[in-house]
Amino acid sequence: MPKMTERERLAKIEADQHNLAREAETVRRSLRAHYGKLVTELPVERLSEREFRDVIGQAIRVGGSAAISALKGLTAQGVQVEPSAGAARKRAVVPPAGGDDAAKAVHP
């Protein structure tokens, strides 16, 4: 087999890179789909979409082990579980505007 020229060798390497990039993208999508299926089994409805994105984004940013350690540390410190901020906002009672709150009892 004749020796490849530098130009042929470069073309082959570039084609290989393109094929590897395509394969990596296929595997990446498959892995993300697998993780997406795992999420369908979790009670994510307890979080707002923003909270969910933030939690997942921060966990990915710092790494899974660091995120798990931090969350376990909160549990160990006795931090109480709070309802999501979105749920609290929806249930909050807003007093009427004008400064005169008719709901307050007047004591003589």
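For the structure itself, look to the data block above.
These numbers were taken from a predicted model, which means no experiment stands behind them. (Residues numbered from 1 in each chain as written. Predicted model: local features only at pLDDT ≥ 70, side-chain atom pairs only at ≥ 80, totals over all residues. Heavy atoms only, no water.)

J.: What should I look at first to understand a nonpolar patch on the surface in this one?
T.: A contiguous nonpolar surface patch, about 350 Å² in accessible area, is contributed by Leu47, Val55, Ile56 and Ile60. Structurally, the position occupied by Leu47 is in the loop between α1 (6–39) and α2 (49–62). (Patch = residues over 30% accessible without salt bridge, like charges linked within 9 Å, V, L, I, M, F, W, Y side chains within 5 Å. Areas by Shrake-Rupley, 256 points an atom, 1.4 Å probe, with all protein chains shown as cover. Salt bridge = Lys/Arg side-chain N within 4 Å of Asp/Glu carboxyl O. Helix = DSSP H or I, 4+ residues; strand = E, 2+ residues; numbered from the N terminus.)

J.: How should helix α3 (residues 64–76) be read in this particular structure?
T.: The α-helix winds at 3.6 residues per turn, so residues separated by three or four positions along the chain end up facing the same way. Here α3 contains 13 residues, and its C-alpha end-to-end distance of 18 Å stays within 8% of the 18 Å for a straight helix at 1.5 Å per residue. One or two residues past the end of α3 sits Gly78, with phi positive at roughly 80°. (Expected span 1.5 Å × (residues − 1).)

J.: Mind showing me how you'd approach the pattern of salt bridges here?
T.: Pairs may arise between side chains of opposite charge once their charged atoms sit close together. Considering all chains together, one arrives at five salt bridges under this definition. Its salt-bridge partner being Asp16, residue Lys12 comes within 3.0 Å of it at the nearest N-O pair. On the criterion of helical spacing, the pair formed by Lys12 and Asp16 is a turn pair, its members being four residues apart in helix α1. Across the pair Arg53 and Glu49 runs a salt bridge whose closest N-O atoms are separated by 3.4 Å.

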